Amino acid sequence: MNAGSPIQKRVEGDEFDFVIVGGGTAGLVIAESHWLTPYNCERYGRLSRDPNVSIAVLEAGYDAESDTTLVPELYTTFIGTSIDWKFTTVPQTNAAGQVISLPRGKALGGTSTLTLSVWRTRASQKEYDAWETLGNPGWNFASVNAHINAVEHFHVASVSPPNTPADALTFEALDSPWNHGHTGPIQVSYSNYWSIPEVVIPAYLRSLNKLGVPRNGHAANGDTIGAWQAPCTIKPHNRSRSYAANEFLFPYTTSRPNLQVFTGAYVTKIDTKIDLVATSGDEDVDATAVEYVLNDDTESETRSVSLKDGGKVVVTAGKTSRYSYISFIEEMRLDEFGADAVCTSGTYQTPKILELSGDPSVLGAFGISNVVDLPGVGNNLQDHAAILTSFELIPSLGTSGPLTQEDLARNATFAAQQWQTYVNESQGAYASVPGTTLAMIPLQSFISAATLESMLEELDAALGVYDGTPQETQIALQRGWLEDRTVPQVELVLLPGLMDPSIIPDPSKHHITIAAVYMRPFSRGNVHLASTDPLALPRIDPNYLAIQDFEVGVLREAVRFIVDTLATTAPLSSLIGAALNPTQGQTDAQLDVYVKEGVFSSWHPCGSTSMLPLNQGGVVDPNLKVYGTSNVYIADASIIPLEIVTHTMATVYANAHKVWPFPFVYDAADILTSS
Ligand SMILES: Cc1cc2nc3c(=O)[nH]c(=O)nc-3n(C[C@H](O)[C@H](O)[C@H](O)COP(=O)(O)OP(=O)(O)OC[C@H]3O[C@@H](n4cnc5c(N)ncnc54)[C@H](O)[C@@H]3O)c2cc1C
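Just so it is clear, the structure is predicted and the values come from calculations on it, not from any experiment.

For the chain, the helix and strand inventory stands at 17 helices and 22 strands. Looking at the chain residue by residue over its 675 residues, the buried ones come to 59%. In the chain, the share of contacts with a sequence separation of at least 24, taken over all contacts with a separation of at least 6, comes to 78%.

Have a look at this one:
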């Protein structure tokens, strides 16, 4: 059942200057293009702010705020709900055949509606500068960071109620305000309900510190090594989620008639002017219309949103569906592919995720012609891969003391009290985000020199598979960073309670989970069309741990470090009752199995339509224009060419903010001198 209804609906034949496909994290920034910031100037966005420019946003999902079945507490991620596309991987050969869940947001605001709300903000300087090195002038730390600043309104914990100076001091909620933006629409503040027994966080940070992981009070300035408390996308005044829809769209829905938002609008194709058969490849392809299936409770029909002369199509539909909008031009017709069935269902269907690939071996299987030959489409997919370690805390930190986040699920009285506190005061466990204590570390922080040396030898042999491939340049670049202790490779995340379903917890005890996340994989996956049915899910193969010995080894050594070293180092050791899974002292072989059977996505996929030169498998140029087209752009997380060691939301907002408006195509020299 479609719980929302279209915000606006136009009659067939309406024309727009810009059609934004996907009203998600990036799409709504582009539609609104907040520009009242010190970092902005005429070159930057004013899309719907200009009444002479007409914009259509086509979003397959709906307005999640209109759905009363979705409980709005912050600590929920909405994974698995009606606003989750619920993708899965194909069985992962190198991860014990696991089929791994890949949630994504299907609503206005896209995945920003679904996230854990952690504003992990920037990656390290060298990581963004690498985008420029790889062939994207103007894309570097200075420019991306300026745009993160532009969308951000950071609230300093020590002076921003309901946080207190104690929060800042005790829990390290003290990132330097000088490195943040203070006038943007996305509200960024700290949790203030510390979801773990309170002594644990400072002890954890002190033990990490003893082991050579420094505290980092300037994690947003390009140096991300160390441990700190991440702020969150929380509005401090009412402790609610600050996300793309409620910051970039809802304030403007009535005041800007030129901004038309269609929900339940499931895009199936982009039409082109040219005859595909006649295309020689010498001439850019012009998009003329976007076709979509409108899904709502009352009707099923196909509408078309035309482009005025010179209009642009902006594809921001997530990591997989975007491809279709190019590959299947002229070929992917609803009448041919049974779309009527979907249109009559009255529900939000399984996402139509269509792949656009210039790779004839993919398209040929479906008898689909190629409009633009872009072999990079769907390839170069990268994602963060995580593994959990689980601990029981000592009895004196058990449920005879203060209750914690963990007790919400097992103590109905406590949960009811916290709910009242949230409803009446916007405070308590439901008004904060758990698990914001993070550390970013290089391999040298947890792998001995001798072990690392032999792992790197194995890696170098394995990386031969990239010789002569489009990825060769980026692989060499990221290989170099393994020797550089200023570039992190692994994230540690401290979480309340247990997330490992294989453990039956002692109800009188409290627990913690420490996740290790392998942040910059050498594996490259792919996402491709799985069927000629435009409503079928794509085939997603992140190819986790494909560079087996090294990648399994990194997670194995990270788990060993957490369980055998960190948890046994004072003062944290004095609070740990037992390592539950894995237990201490496991062999390499045991930990390798543990990693392969337990690895999962930490939800930051990128790269599948990379911003790279064509000969490196690029799909978009530095203006985010799709190669070989005159007016089709991609602006979401898929354009990130090399996985970043951070959570991706802030960078996605920034990239979308940076590139707009397209007619003011940036001048690289101008950007370089102004940033
Ligand atoms: C569970 C989860 C938790 C996360 N937590 C964090 C976090 O705490 N911090 C952080 O920094 N990052 C987090 N991330 C990552 C971050 O949210 C994403 O990187 C970012 O939101 C991606 O933005 P996007 O614009 O690329 O895609 P999206 O925001 O997903 O937008 C794509 C939009 O296109 C729509 N769409 C798709 N197909 C079609 C179609 N055919 N027609 C019309 N519309 C279509 C979708 O419904 C969606 O609204 C998390 C991700 C997940 C999955």
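Continuing now.
Taking the numbering used here, the UniProt-annotated feature "binding site: FAD" (unreviewed entry) corresponds to Thr111, Val267, Trp603 and His604. Spanning 494 residues, the annotated positions stay apart in the fold, the maximum distance between their C-alpha atoms being 23.5 Å. Examined against the element boundaries, valine 267 turns out to sit in strand β11 (residues 265–272). Take valine 267: there are 27 C-beta atoms within 10 Å of it, and that puts it in the buried class. Looking at the secondary structure, you find histidine 604 in the loop between β21 (600–601) and β22 (632–634).

Let's shift gears to the nonpolar core. Judged by nonpolar contacts, the single largest core of 160 residues is most densely connected at Ile20, Leu58, Ala516, Leu555, Val559 and Val599. Broken down by element, this core gets its largest block of residues, nine residues, from helix α14 (residues 548–565). The two domains that each donate at least three residues to this core are domain 1 (1–155 + 175–186 + 231–380 + 526–537 + 605–675) and domain 2 (191–228 + 385–518 + 546–598). Counting six residues, the second largest nonpolar core, distinct from the first, contains Trp85, Leu102, Leu381 and Ile540.

Let's shift gears to the site of the ligand. Around the ligand sit 43 residues in total, of which Gly22, Gly24, Gly110, Asp636 and Met649 are the nearest. Those elements giving two or more residues to the shell around the ligand turn out to be α1 (25–32), β2 (55–59), β11, α7 (318–321) and α16 (649–659). Each residue belonging to the shell around the ligand can be placed in one class, and the counts come to 19 nonpolar, 18 polar and six charged.

Let us look at the packing of α14 against helix α15 (residues 588–598). For the pair α14 and α15, interaxial distance at closest approach is 9 Å and the crossing angle is 105°. The orientation of α14 relative to α15 falls into the category roughly perpendicular. Contact residues: Val552, Leu555, Arg556, Val559 and Arg560 in α14; Asp588, Leu591, Asp592, Tyr594, Val595 and Lys596 in α15. Of the residues that constitute the contact of α14 with α15, the class distribution is six nonpolar, no polar and five charged.

As a further point, take the packing of helix α12 (residues 449–462) against α14. Interaxial distance between α12 and α14 falls to 9 Å at its minimum, and their mutual angle equals 150°. Considered as vectors, α12 and α14 are oriented roughly antiparallel to each other. Contacts between α12 and α14 involve Thr451, Met455, Glu458, Leu459 and Ala462 from the first element and Asp549, Phe550, Gly553 and Glu557 from the second. Residue classes in the contact of α12 with α14 are distributed as four nonpolar, two polar and three charged.

On to the pairing of strand β16 (residues 490–496), then. Where burial is concerned, most of β16 is hidden: seven out of the seven residues are buried. Going residue by residue along β16, you find Val490, Leu492, Leu494 and Pro496 tucked away on one face and Glu491, Val493 and Leu495 tucked away on the opposite face as well. Where strand β15 (residues 437–441) and β16 come together, five bridges link them in antiparallel fashion. Among the inter-strand pairings, leucine 438 is bridged to a residue of β16, identified as valine 493. Note: β16 against strand β17 (residues 511–518), seven bridges, orientation antiparallel. By the bridge assignment, valine 493 is partnered in β17 with alanine 515.

Note that alanine 219 resides in the loop between α5 (200–210) and β7 (226–229). You can call alanine 219 buried: it has 26 C-beta atoms within 10 Å. Each C-alpha atom, one on alanine 219 and one on tyrosine 204, is 18 Å from the other, the two residues being 15 residues apart in sequence.

Residue alanine 570 is joined to proline 571 through a cis peptide bond whose omega torsion reads 5°. Inspection of the secondary structure assignment puts proline 571 in the loop between α14 and β20 (576–581). Here the bond from asparagine 581 into proline 582 is cis, since omega is 0°, no more than 30 degrees from zero. Among the secondary structure elements, proline 582 is positioned in the loop between β20 and α15.

Attention now goes to the environment of alanine 168. Here alanine 168 is to be found in helix α4 (residues 165–171). A residue is classified by how many C-beta atoms lie within 10 Å of it, and alanine 168, with 19 of them, is partly exposed. A C-alpha to C-alpha distance of 8.7 Å links alanine 168 and valine 156, two positions twelve residues apart in sequence. The contacts of alanine 168, once residues within four sequence positions are left out, are Ala157, Ser158, Asn163, Ala173 and Leu174.

Residues with a pLDDT of 70 or more make up 76% of the chain, whose mean pLDDT is 79. Of the two predicted TM-score estimates for the complex, the pTM is 0.89 and the ipTM is 0.99.

All of the buried residues in α5 are Val200, Ile201, Tyr204, Leu205, Ser207 and Leu208. Buried residues along α5 cover an arc of 160° about the axis, so they all sit on one side. Contacts from the buried residues of α5 go to α4, β7, β15, β16 and β17. Glycine 212 sits one or two residues past α5 and shows a positive phi near 95°.

Let's shift gears to the pairing of β7. Along β7, one buried face is formed by Gly226 and Trp228 and the opposite face, lined by Ala227 and Gln229, is buried too. Sheet topology places β7 next to β15; four bridges connect them, and they run antiparallel. Note that in β15 the partner of alanine 227 across the bridge is alanine 439.

Assigned domains within the chain: domain 1 (1–155 + 175–186 + 231–380 + 526–537 + 605–675) and domain 2 (191–228 + 385–518 + 546–598). The interface of domain 1 with domain 2 comprises 38 residues on the first partner and 36 residues on the second. Among the elements that take part in the side of domain 1 that touches domain 2, helix α2 (residues 125–133) stands out by supplying five residues, more than any other. A class-by-class count of the residues in the side of domain 1 that touches domain 2 yields 15 nonpolar, 16 polar and seven charged.

Calculation criteria
- Residues numbered from 1 in each chain as written.
- Predicted model: local features only at pLDDT ≥ 70, side-chain atom pairs only at ≥ 80, totals over all residues.
- Helix = DSSP H or I, 4+ residues; strand = E, 2+ residues; numbered from the N terminus.
- Buried ≥ 20, exposed ≤ 12 C-beta atoms within 10 Å, placed from the backbone.
- Contact = placed C-beta atoms within 7 Å.
- UniProt positions renumbered as here; feature names shortened; annotations may be inferred.
- Core = buried A, V, L, I, M, F, W, Y, C linked by C-beta atoms within 7 Å.
- Domains from an automatic or database assignment.
- Near = placed C-beta within 6 Å.
- Nonpolar A, V, L, I, M, F, W, Y, C, P; charged D, E, K, R; others polar.
- Axes fitted to C-alpha atoms, helices over the stretch in contact; angles between N-to-C directions.
- Parallel < 35°, antiparallel > 145°, perpendicular 65-115°, else oblique.
- Pairing = 2+ DSSP bridges.
- pLDDT = per-residue confidence, 0-100.
- Arc of directions from axis to C-beta.

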